[in-house]
Amino acid sequence: MNIPLAERMRPTRLDDVVGQTHIIGEGKILTNILKSGKIPNMIFFGPAGCGKTTVANICANAANRVFFKLNATTASLKDVREIAEKTSEYENGILLYLDEIQNFNKKQQQSLLEYIENGKITLIASTTENPHFYIYNAILSRSTVLEFKNISPDEIEKAVRRAINGVKSDYPDRLITFSDDAIEHIANASGGDVRKAINAVEVCVLSQAYNMDEKIDITLETAVDCTQTGSFAHDKNGDGHYDVISAFQKSIRGSDADAGIYYLARLLLGGDLITVCRRLLVIASEDIGLAYPNAAVITKACVDSALQLGLPEARIPLAEAVILLANSPKSNSAICAIDAAMRDIETTDTGSVPLHLKDSHYKGAAKLGRGVDYKYPHNYENAYVPQQYLPDKIKNKKYYIPRNNKTENSFKAYLDKIKGSGEN
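Reading the values: the criteria
- Residues numbered from 1 in each chain as written.
- Predicted model: local features only at pLDDT ≥ 70, side-chain atom pairs only at ≥ 80, totals over all residues.
- Heavy atoms only, no water.
- Axes fitted to C-alpha atoms, helices over the stretch in contact; angles between N-to-C directions.
- Helix = DSSP H or I, 4+ residues; strand = E, 2+ residues; numbered from the N terminus.
- Parallel < 35°, antiparallel > 145°, perpendicular 65-115°, else oblique.
- Contact = heavy atoms within 4.5 Å.
- Nonpolar A, V, L, I, M, F, W, Y, C, P; charged D, E, K, R; others polar.
- Phe/Tyr/Trp six-rings, centres within 6.5 Å; stacked < 30°, edge-to-face > 60°.
- Buried < 20%, exposed > 50% of the residue type's maximum accessible area, 1.4 Å probe, protein only.
- Salt bridge = Lys/Arg side-chain N within 4 Å of Asp/Glu carboxyl O.
- Pairing = 2+ DSSP bridges.
- Right-handed = clockwise from strand over helix to strand, strands pointing away.
- Expected span 1.5 Å × (residues − 1).
- Polar contact = N/O pair within 3.5 Å; in protein donor to acceptor, adjacent residues only side chain to side chain.

Our focus in this paragraph is the packing of helix 4 (residues 77-84) against helix 5 (residues 106-117). The geometry of helix 4 relative to helix 5 is characterised by a closest axis approach of 11 Å and an angle of 5° between their N-to-C directions. Taken together, helix 4 and helix 5 sit at an angle that is classed as roughly parallel. When helix 4 is examined against helix 5, the residues Leu-77, Val-80, Arg-81 and Ala-84 are found in contact with a partner set consisting of Gln-108, Ser-111, Leu-112 and Tyr-115. Residues that form the contact of helix 4 with helix 5 fall into these classes: 5 nonpolar, 2 polar and 1 charged.

As structure tokens, then:
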């Protein structure tokens, strides 16, 4: 059987797992759990290739339990039941590793409760998505959630060097060498995915093994050729996508043009033009707002250009919008005002429209007192006259709070002037 190198190199001890030093190591939570010899139900949350399956295997061995693996993408509850029925055959019980649990619907996840509550199986589920969004609360409450993180290139390099030693056993009569820059490139091009890095090592050797020379010398050029797909992966429907969108807006809000451009590049490389355009339009009004009202106009022009151009040219006007918005003065007075008003309407009795503001364009309106006392502002100096506009119950409410910027300071100066003259 031709077992992939990544599978053959899978660690069997926690000490050999690269990365995840926040949960693995002396005094760390996962190491301590394994030392106890008892494995609780757990959920491993993190990107592909960061060691979730490997650690689940190690957990099963540490607890001396039989390891069963299912992938929720293709498995069904029937598969779970068949495994649960085998528990009587194994004295120390079964550890079920359910990969991609987010692909089980709510009913399927609820059905798992029967088996993890009666102790027939210990469940370790894994997911690349945020479990608090995708996993049923009853399972979350019965499980320990551990986050696995992307592995740094330095840690990946350790796995690459170990894989090189492993692949040498496939060619005992030949000398296999990897240059240091080839190893460094593979580690960096893997995007934190150990499996991808080890696969790259195997492909590098396979790509040169045909020549039957005594020596297989893997250079940087070979490594680049064998990792042409690069390290970038973007799932437009995944949790990570929303993290990038969040970071995109927060970077622009924080006036960091470099970070804004970086996250723009990630979104565009993921092919998500529409989300970028929508988000920039939101930012122009939500975060820049009245501090620089023309930012919304310019951003709309950039977005329109981007949509007409399409990718890759769309990147240029969108970059222009990002840089403009990041470097513009900021004001959230508009969103704060509308949100406060909507919150009051939804949660309190704000009362009815004042009589003098009600529609009076029909016969008999005056007899009802509608519009009778309304004062037409254009008939007064500076087109302003003091009168009540809010309902009686909230007549003194302030929703719009000006921020300290050139435009809103000019608003304030103008209003102070006309209201002062109107009250005299």
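All right, on to the packing of aromatic side chains then. Scanning all chains against the criterion turns up 4 aromatic pairs. Relative to Tyr-97, the ring of Phe-67 has its centre 6.1 Å away and its plane inclined at 25°; by these criteria the two rings are stacked. Of this pair, Phe-67 sits in strand 2 (residues 66-71) while Tyr-97 sits in strand 3 (residues 94-99), placing them 30 residues apart in sequence. In this structure Tyr-97 comes out as buried when scored by relative accessible area, which is 0%. Ring centres of Phe-68 and Tyr-90 lie 6.3 Å apart, and the angle between their planes is 65°; this geometry places the pair in the edge-to-face category.

As a further point, take the pattern of salt bridges. Within the structure shown, the criterion is met by 16 salt bridges. In this structure, Arg-10 and Glu-7 form a salt bridge, with 2.9 Å as the shortest nitrogen-oxygen distance. Taking relative accessible area as the criterion, Arg-10 reaches 21% and is therefore assigned partly exposed. Given a relative accessible area of 41%, Glu-7 falls into the partly exposed group. Linking Glu-286 and Arg-253 is a salt bridge whose minimum nitrogen-to-oxygen distance equals 3.3 Å. Highlighted residues: Glu-286 in helix 14 (residues 273-288) and Arg-253 in helix 12 (residues 239-253), separated in sequence by 33 residues. A residue is classified by how much of its surface remains accessible, and Arg-253, at 35% relative accessible area, is partly exposed. The structure contains a network of salt bridges with shared partners spanning Arg-8, Asp-170 and Glu-202.

So, on to the pairing of strand 2. Where strand 2 meets strand 3, 6 bridges bridge the pair, whose relative direction is parallel. Bridge pairing links Phe-68 to Leu-96 in strand 3. Crossover handedness for the path strand 2 to helix 4 to strand 3: right-handed.

It is worth spelling out the packing of helix 14 against helix 15 (residues 294-309) at this point. In the contact formed by helix 14 and helix 15, the axes pass within 9 Å of each other and the chain directions differ by 175°. By the angle class used here, helix 14 and helix 15 are roughly antiparallel. Facing helix 14, whose interface residues are Leu-273, Ile-274, Cys-277, Leu-280, Leu-281, Ala-284, Ser-285 and Ile-288, helix 15 presents Ala-295, Ala-296, Thr-299, Lys-300, Val-303, Ala-306 and Leu-307.

Of all the 11 residues making up helix 3 (residues 52-62), 8 are buried; the element is thus mostly covered by neighbouring parts of the structure. For helix 3, every residue scored as buried is listed here: Lys-52, Thr-53, Thr-54, Val-55, Ala-56, Ile-58, Cys-59 and Ala-60. Elements that come into contact with the buried residues of helix 3 comprise helix 2 (29-36), strand 1 (42-45), strand 2, strand 3 and strand 4 (121-127). Directly after helix 3, the chain includes Asn-64, whose backbone phi takes a positive value near 55°.

This paragraph deals with the sheet that holds strand 1. With parallel pairing, 5 strands are arranged side by side in an open sheet as 2-3-4-1-5. Lying at the two open borders of the sheet, with one neighbouring strand each, are strand 2 and strand 5 (144-147). Ignoring strand direction, the axes of neighbouring strands in this sheet form an average angle of 20°.

Time to look at helix 5. With 12 residues, helix 5 extends 17 Å from end C-alpha to end C-alpha; this agrees with the ideal 16 Å at 1.5 Å per step. Among the residues making up helix 5, those that are buried are Gln-108, Gln-109, Leu-112, Leu-113, Tyr-115 and Ile-116. Regarding helix 5, its N-cap is Asn-105, as a side-chain oxygen of that residue lies 3.1 Å from the backbone nitrogen of Lys-107 further along. Of the residues trailing helix 5, Gly-119 is marked for its positive phi of about 80°.

All right, on to the pairing of strand 3 then. For strand 3, the tally of buried residues reaches 6 of 6 residues, placing the bulk of the element in the interior. Of the two faces of strand 3, both are covered, the one formed by Ile-94, Leu-96 and Leu-98 as well as the one formed by Leu-95, Tyr-97 and Asp-99. Note: strand 3 against strand 4, 5 bridges, orientation parallel. Considered in strand 4, the bridge of Leu-95 is made with Thr-122. Traced from strand 3 through helix 5 to strand 4, the parallel crossover comes out right-handed.

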